[in-house]
Amino acid sequence: MKRTNRLMFILFASLTLLFLLAACSGQEGASSKGEKKEGTTTSGTSGNDAEGNASPDKIVVGFSQIGAESGWRTAETESVKETLGNSDEFELKFSDAQQKQENQIKALRSFIAQKVDVIALAPVVESGWETVLTEAKDAGIPVILLDRGIEVEDESLYTSFIGSDFVLEGENGAKELINLIGEDVETNIVELQGTVGASSANDRMKGFKNVIDQNDNYKIIKSQTGDFTRSKGKEVMEAFLKSDGDNIDAVYAHNDDMALGAIQAIEEYGLKPGEDIKIVSVDGIGDIFEAVADGKSNIIVECNPLLGPQLAQAAKDLMAGKEIERWIKTEETVFVGAEEAKAALPDRQY
Ligand code: AHR
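Residues numbered from 1 in each chain as written. Predicted model: local features only at pLDDT ≥ 70, side-chain atom pairs only at ≥ 80, totals over all residues. Heavy atoms only, no water.

A.B. asks: Any details on helix α8 (residues 256–269)? Residues and values, ideally.
C.D. replies: Here α8 spans 20 Å end to end across 14 residues, near enough to the 20 Å set by a 1.5 Å rise per residue. Within the sequence span of α8, burial applies to Asp-256, Asp-257, Met-258, Ala-259, Leu-260, Gly-261, Ala-262, Ile-263, Ala-265 and Ile-266. Contact partners of the buried residues in α8: α2 (71–85), β7 (187–193), α7 (230–244), β9 (250–253), β10 (278–283) and α9 (286–293). Of the residues flanking the start of α8, the one acting as N-cap is Asn-255, its side-chain oxygen 3.4 Å from the backbone nitrogen of Asp-257. (Helix = DSSP H or I, 4+ residues; strand = E, 2+ residues; numbered from the N terminus. Expected span 1.5 Å × (residues − 1). Buried < 20%, exposed > 50% of the residue type's maximum accessible area, 1.4 Å probe, protein only. Contact = heavy atoms within 4.5 Å. Polar contact = N/O pair within 3.5 Å; in protein donor to acceptor, adjacent residues only side chain to side chain.)

Here is the structure:
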């Protein structure tokens, strides 16, 4: 080979080698910085140890979220991602189950296989968790329930529950509705329930009935699930109006999104929401504050979705060997009428 040809060959071979090396390191970078894989994302720089276990220097939290059915749910996801996803102390593995329990079970098994330090679970329904939670317990991974509760015989299958008192929310909603309309006024209520089998739906139903059942003037004439979504809330309210029309005095919606769907249905039916039909709902998202401020809805029972900081603290305490409370409750209040909604609007965080 001539000298110039040899030089050209060496130059070409070196460039090819450099290109291959760059391509390989690019791929590694993508997988450790959290590309989307079967609904799971990772945030925070990963530092797996020699055995392939997740970050040895950070607290690794696997969070199985239900989905994105409501404004409340989106706010909860953002709170967890903001607190644990952009942190030097945590690595967050996030999985969106798209409303399916089977996806949550798969996500939990994947977190167990990855040997995360803590599992956070927002369970879509109350039942059916024994097997997978026993697997987590056997692997020595503590499970923190976020927002919704579960029904298990062996209470040691989870360490703590962070969230609201849903029975109390239902009771407060009913009390304020009776205050607003008057104890002696005959009132027909239709109920828009949350997801069937969810603790927030079961307990909000129970709490509301606890109070309503004590007053003979108040009756729940129809009750159906709207699955915590705006579109289904509207659909179910349309059906209620079709069958019971002018007989409906009030709506109790297990969340704001369904109430907002009901508001649309009532307007399309030709009645005035907030006046002809009174509305009480749970959550406290921005859109419902606007609706109450406009006189289209009446009562907001707050349920705080900003659970990221409490989850972070609980995970840190657990890793430091501290005992944590069995139920870490969130502070909440009730807002009644346009004036209270207008006054609160500028400070709302979700
Ligand atoms: O479990 C909490 C409920 O789930 C919220 O009230 C609702 O908006 C959400 O989808």
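Back to the text.
A.B. asks: Could you give me a rundown of the nonpolar core, with the residues and numbers involved?
C.D. replies: Soluble globular proteins tend to pack their nonpolar side chains together in the buried interior. Ile-189, Leu-192, Phe-208, Met-237, Val-251 and Ile-288 are the most contacted members of the largest nonpolar core, which has 51 residues in total. Ranked by size, the runner-up nonpolar core spans 25 residues in total, among them Leu-84, Ile-144, Leu-311 and Leu-318. (Core = buried A, V, L, I, M, F, W, Y, C linked by side-chain atoms within 4.5 Å.)

A.B. asks: Account for the packing of aromatic side chains, with residues named and values stated.
C.D. replies: Under the criterion given, the structure shown has four aromatic pairs. Ring centres of Phe-63 and Phe-94 lie 5.7 Å apart, and the angle between their planes is 65 degrees; on these two criteria the pair is classed as edge-to-face. Of this pair, Phe-63 sits in strand β2 (residues 59–65) while Phe-94 sits in strand β3 (residues 90–96), and the two are 31 residues apart along the sequence. For Phe-94, a relative accessible area of 7% corresponds to the buried category. (Phe/Tyr/Trp six-rings, centres within 6.5 Å; stacked < 30°, edge-to-face > 60°.)

A.B. asks: I'd like to hear about the sheet that holds strand β13 (residues 334–336), residue by residue, with values.
C.D. replies: The six strands are arranged β8-β7-β9-β10-β11-β13 in an open sheet whose pairing can be described as mixed. Because the sheet does not close on itself, it has two edges, and the strands there are β8 (218–225) and β13. Taking the axes of each pair of neighbouring strands and ignoring which way they run, one obtains an average angle of 15 degrees across the sheet. Note: β10 against strand β11 (residues 299–302), four bridges, orientation parallel. When the sheet's bridge partners are listed, Val-280 is paired in β11 with Ile-299. (Pairing = 2+ DSSP bridges. Axes fitted to C-alpha atoms, helices over the stretch in contact; angles between N-to-C directions.)

The analysis is restricted to geometry; functional conclusions fall outside its scope.
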